[in-house]
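Descriptive analysis of the structure
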Amino acid sequence: GILFDYFCEKGVPSLLSSLVTGRCDGVSRSPAVKAEALRALAALLRHVREATSLYYLLSGDAGLRRAVSVTTDGWDADALEEVFDPAYVYFLRAVASRVAGGGEEVEGADACAALLVEPDGSLPVLEAAVVTLRRTTERLVAVTAENVIVNLFSCSDGTVRKAVGSKASLEERRVLCGYLCQRIRKIFTRMATVTSLRGNEDAEDELVDAWEYWNDLAQCRVRTWNVRACEGIAGVLMLDVLPCLLPDDAQNLGLTENGDKRELGQRRNDAVAVLVFMQRLFSMIKYLPLLRLAAVALVHPLSPPLNVDERDTNSNRDEVPVIDDTYVHTLALHALISKDVNDPGATENGDNSLPHQQCDARPNPYRRRLMQLAVGCSYDGEDGDVLTVAAQNLLKAVGTALVMEPEKDDNKDSFGTMLRWEEVKCLLEKKDLNDA
């Protein structure tokens with residue numbers, strides 16, 4: 001409209017961007033001033049109704065893209081988190097939602113989406129959202145940053161989607177995977193350490209939110225992210241969650257928030273937390289490759305050898321770890337199905353002998369313990385207690401997730417060597433549980 005044209009004629013968007021990115025009239029502004037400028041820019045973006053206006057704001061003339069990459073080095077931590085970050089992430093959401101998704105797109109904004117991608121293929125909005133997500137401790141700021149990331153992941157524009165999954169965004173995907181794994185790991189720790197009913201309900205609510213966010217990202221079908229995230233979650237299951245199901249103290253690797261060994265009396269809470277955690281996973285996750293990996297880890301007759309040295313020593317720190325590019329757990333679990341393992345129970349000429357090609361294997365202790373708990377062999381010898389009920393509920397969730405095969409597997413392209421559907425369904429039909 002006329003007012004917007006007047007603003008642009010007077011260079012107001014460029015002035016606001018200058019207040020955010022650096023010096024204006026030779027004066028460096030405080031975080032509070034920058035925050036107000038960001039709120040003004042966000043309001044301007046949210047009230048744009050025409051694609052041509054949005055294109056102008058995101059182009060080099062108005063300079064709004066410069067405000068995305070603002071430098072915060074040397075700022076006071078309290079001012080950064082309490083004053084600047086809420087306004088900053090609000091501005092990032094305005095940029096992403098108006099162009100990339102979230103139901104707030106400007107009609108005809110497809111031509112503007114490519115403006116978010118730099119010539120080198122990087123995506124500054126994604127980088128800024130991930131950096132904010134990594135450093136903030138405020139849940140509202142984190143949720144807003146998560147929404148920005150989902151908007152970018154779900155963008156229909158080919159240029160943005162390519163940038164999200166490209167090598168230029170590799171570091172952002174690593175940090176995001178580390179953030180999600182750390183969040184889920186901490187929730188599990190809370191579930192095992194908090195004994196009050198209210199505390200457990202809060203932890204379970206947080207777990208539901210975390211799995212729903214996982215589903216939102218997985219459904220965006222960014223292949224490079226889905227593969228990396230499956231490996232990260234598989235590592236959490238194999239190194240942090242499932243070992244806490246075992247009664248043997250030598251194999252119980254559960255950690256408190258301070259990183260100390262749990263007391264012997266904590267085993268029961270550990271086991272309940274594992275059963276509830278896994279039941280939530282199988283009842284909520286919609287991404288088939290992750291369900292298959294979790295099913296193999298839990299109920300396959302064999303299990304990869306547990307390497308304690310692989311545990312993430314940063315799992316309980318405030319700093320979000322960066323996940324590297326190695327694929328250990330995904331390939332090890334797949335090897336169990338493809339029979340590229342050394343079966344410890346194989347006979348020299350028996351029908352169950354398997355070639356030793358990729359990795360050794362051991363009898364699956366988690367499967368055995370789950371079946372024991374399901375039939376009433378609890379830690380204190382009582383029948384029909386909470387452990388038995390939780391184990392039976394988990395088995396029902398596993399059966400429901402694996403038996404209800406969808407009409408079409410939309411995720412089959414997510415990992416070239418992912419587990420085949422028919423093989424995983426056969427796991428629950430194994431009859432070698434006489435010793436349970």
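Quick caveat, the model's predicted, so the values are computed rather than measured.

Brief notes about the overall build of the chain
Scanning the chain from terminus to terminus reveals 19 helices and six strands. When each of the 436 residues of the chain is scored for burial, the buried share is 51%. Pairs at least 24 apart in sequence give 72% of the contacts found in the chain among residues at least 6 apart. Accessible area of the chain: about 20200 Å², with a carbon and sulfur share of 49%.

Description of the packing of helix α14 (residues 267-284) against helix α15 (residues 288-299)
For the pair α14 and α15, interaxial distance at closest approach is 10 Å and the crossing angle is 145 degrees. Where α14 crosses over α15, the handedness of that crossing is left-handed. Here Met278, Leu281 and Phe282 of α14 come into contact with α15, specifically with Leu291, Ala294, Ala295 and Leu298.

Details of helix α8 (residues 124-135)
Over its 12 residues, α8 runs 17 Å from end to end, which matches the ideal 16 Å to within 8%, given 1.5 Å per residue. Where α8 is concerned, the buried positions are Pro124, Val125, Leu126, Ala128, Ala129, Val130, Thr132 and Leu133. Looking at the buried side of α8, the elements it contacts are α5 (64-68), α6 (77-99), α9 (139-153) and α11 (170-193).

Some details on the pattern of salt bridges
Enumeration over the complete set of coordinates arrives at eight salt bridges. With a shortest N-O distance of 3.0 Å, Glu146 and Arg183 are connected by a salt bridge. In this pair, Glu146 sits in helix α9 while Arg183 sits in helix α11, placing the two residues 37 residues apart along the sequence. In this structure, Glu146 and Arg183 share a single accessibility class: buried. Between Glu204 and Arg280 there is a salt bridge, with the nearest N and O atoms lying 3.2 Å from each other. Of this pair, Glu204 sits in helix α12 (residues 197-218) while Arg280 sits in helix α14, and the two are 76 residues apart along the sequence. Overlapping salt bridges, with partners in common, bring together Arg139, Glu146 and Arg183 in one network.

Details of a negative patch on the surface
Together, Glu201, Asp205, Asp209, Glu212 and Asp216 make up a negatively charged patch on the protein surface. Inspection of the secondary structure assignment puts Asp205 in helix α12. Classification of Asp205 as partly exposed rests on a relative accessible area of 46%.

Considering the packing of α6 against α9
The geometry of a pair of packed helices is captured by two quantities: the angle between their axes and the separation between those axes. At a minimum axis separation of 9 Å, α6 and α9 run at an interaxial angle of 20 degrees. When the interaxial angle is binned, α6 and α9 end up roughly parallel. At the point where α6 passes α9, the crossing takes the left-handed sense. Contacts from Asp85, Pro86, Val89, Leu92, Arg93, Ala96 and Ser97 of α6 reach α9 at Val141, Thr144, Ala145, Asn147, Val148, Asn151 and Leu152. When grouped by side-chain class, the residues that make up the contact of α6 with α9 number eight nonpolar, four polar and two charged.

Observations concerning the state of the cysteines
Here the structure, examined in full by the defined rule, presents zero disulfides. Distance from the sulfur of Cys230, which forms no disulfide, to the nearest cysteine sulfur (Cys177) is 9.4 Å.

Things to note about the nonpolar core
Membership of the largest hydrophobic core comes to 130 residues, with the highest contact counts inside it found for Trp214, Met278 and Phe282. Among residues more than four places away in sequence, those in contact with Trp214 are Leu180, Ala229, Cys230, Ile233, Ile285, Tyr287 and Leu290.

Points about unusual backbone geometry
In this structure, Arg221 is a non-glycine residue whose phi angle is positive, near 60 degrees. By the element assignment, Arg221 lies in the loop between α12 and α13 (223-241).

Side note on the side chain of Asp240
If you trace the backbone, Asp240 turns up in helix α13. With a relative accessible area of 8%, Asp240 lands in the buried category. Here the side chain of Asp240 touches Arg185 through a polar contact of 3.2 Å, side chain to side chain.

Thoughts on helix α16 (residues 329-338)
Among the 10 residues in α16, eight count as buried, and that is most of the element. If you check which residues of α16 are buried, you get His329, Thr330, Ala332, Leu333, His334, Ala335, Leu336 and Ile337.

Topic: the environment of Asp120
Of note, Asp120 is situated in the loop between α7 (110-113) and α8. Asp120 gets classed as exposed once you look at its relative accessible area, which sits at 58%. Placed 43 residues apart in sequence, Asp120 and Ala163 show a C-alpha to C-alpha distance of 9.4 Å. A distance of 2.7 Å separates the side chain of Asp120 from the side chain of Ser122, its partner in a polar contact.

Let's talk about the confidence of the model for the chain
Per-residue pLDDT for the chain has a mean of 75; in total, 69% of the residues score no lower than 70. Mean pLDDT values over the elements of the chain span from 47, in helix α19 (residues 421-425), up to 93, in α9. Within the model, the stretch residues 249-262 combines pLDDT values under 50 with 36 contacts to residues more than four positions away or in other chains.

The rules behind each value
Starting afresh in each chain, residues are numbered from 1 along the sequence in its written order. Given that this is a predicted model, residues contribute local features only at a pLDDT of at least 70 and side-chain atom pairs are listed and counted only at 80 or more, while totals for whole chains, interfaces and linings are drawn from all residues. As a rule here, side-chain values come from all non-hydrogen atoms in the structure, and water together with hydrogens is ignored. The way it works is that DSSP assigns letters per residue, a run of H or I at least four long becomes a helix, a run of E at least two long becomes a strand, and they are numbered from the N terminus. Each residue is placed in one exposure class: buried if its accessible area under a 1.4 Å probe, protein chains only, is under 20% of its type's maximum, exposed if it is over 50%, and partly exposed if it falls in between. The contact rule is simple, with two residues in contact once any of their heavy atoms fall within 4.5 Å. Accessible surface is estimated by sampling points in the Shrake-Rupley manner with a 1.4 Å probe; for residues, cover comes only from the protein chains shown. Only the stretch in contact is used when fitting a helix axis, every axis being a line fitted to C-alpha atoms; angles between N-to-C directions are given from 0 to 180 degrees. Two helices crossing with the near one rotated counterclockwise from the far one by less than a right angle form a left-handed crossing, whereas a clockwise rotation gives a right-handed crossing. Given a helix with a known number of residues, its expected span is that number minus one, times 1.5 Å. Salt bridge, as applied in this entry: a Lys or Arg side-chain nitrogen positioned within 4 Å of an Asp or Glu carboxyl oxygen. Residues enter patches when their relative accessible area tops 30% and they take part in no salt bridge; the joining distance is 9 Å for like charges and 5 Å for the nonpolar side chains Val, Leu, Ile, Met, Phe, Trp and Tyr. When charges are counted, Lys and Arg contribute as positive and Asp and Glu as negative, whereas His and the chain ends are disregarded. By convention, the charge on Lys lies at NZ, on Arg at CZ, on Asp at CG and on Glu at CD. Oblique is the label for every angle not falling under 35 degrees (roughly parallel), over 145 degrees (roughly antiparallel), or within 65 to 115 degrees (roughly perpendicular). For this scheme, ten residues count as nonpolar: Ala, Val, Leu, Ile, Met, Phe, Trp, Tyr, Cys and Pro. Four count as charged, namely Asp, Glu, Lys and Arg, and the remainder, Gly too, count as polar. To count as a disulfide, a pair of cysteine sulfur atoms needs to be within 2.5 Å. As used in this record, nonpolar core signifies buried Ala, Val, Leu, Ile, Met, Phe, Trp, Tyr and Cys residues forming a set joined through side-chain atoms within 4.5 Å. Polar contacts, as counted here, are pairs of nitrogen or oxygen atoms within 3.5 Å of one another; within protein the pair requires one atom able to donate a hydrogen and one able to accept it, and residues that are adjacent in sequence qualify only if both atoms are side-chain atoms. One number per residue, pLDDT, summarises how confident the predictor is, and it ranges from 0 to 100.

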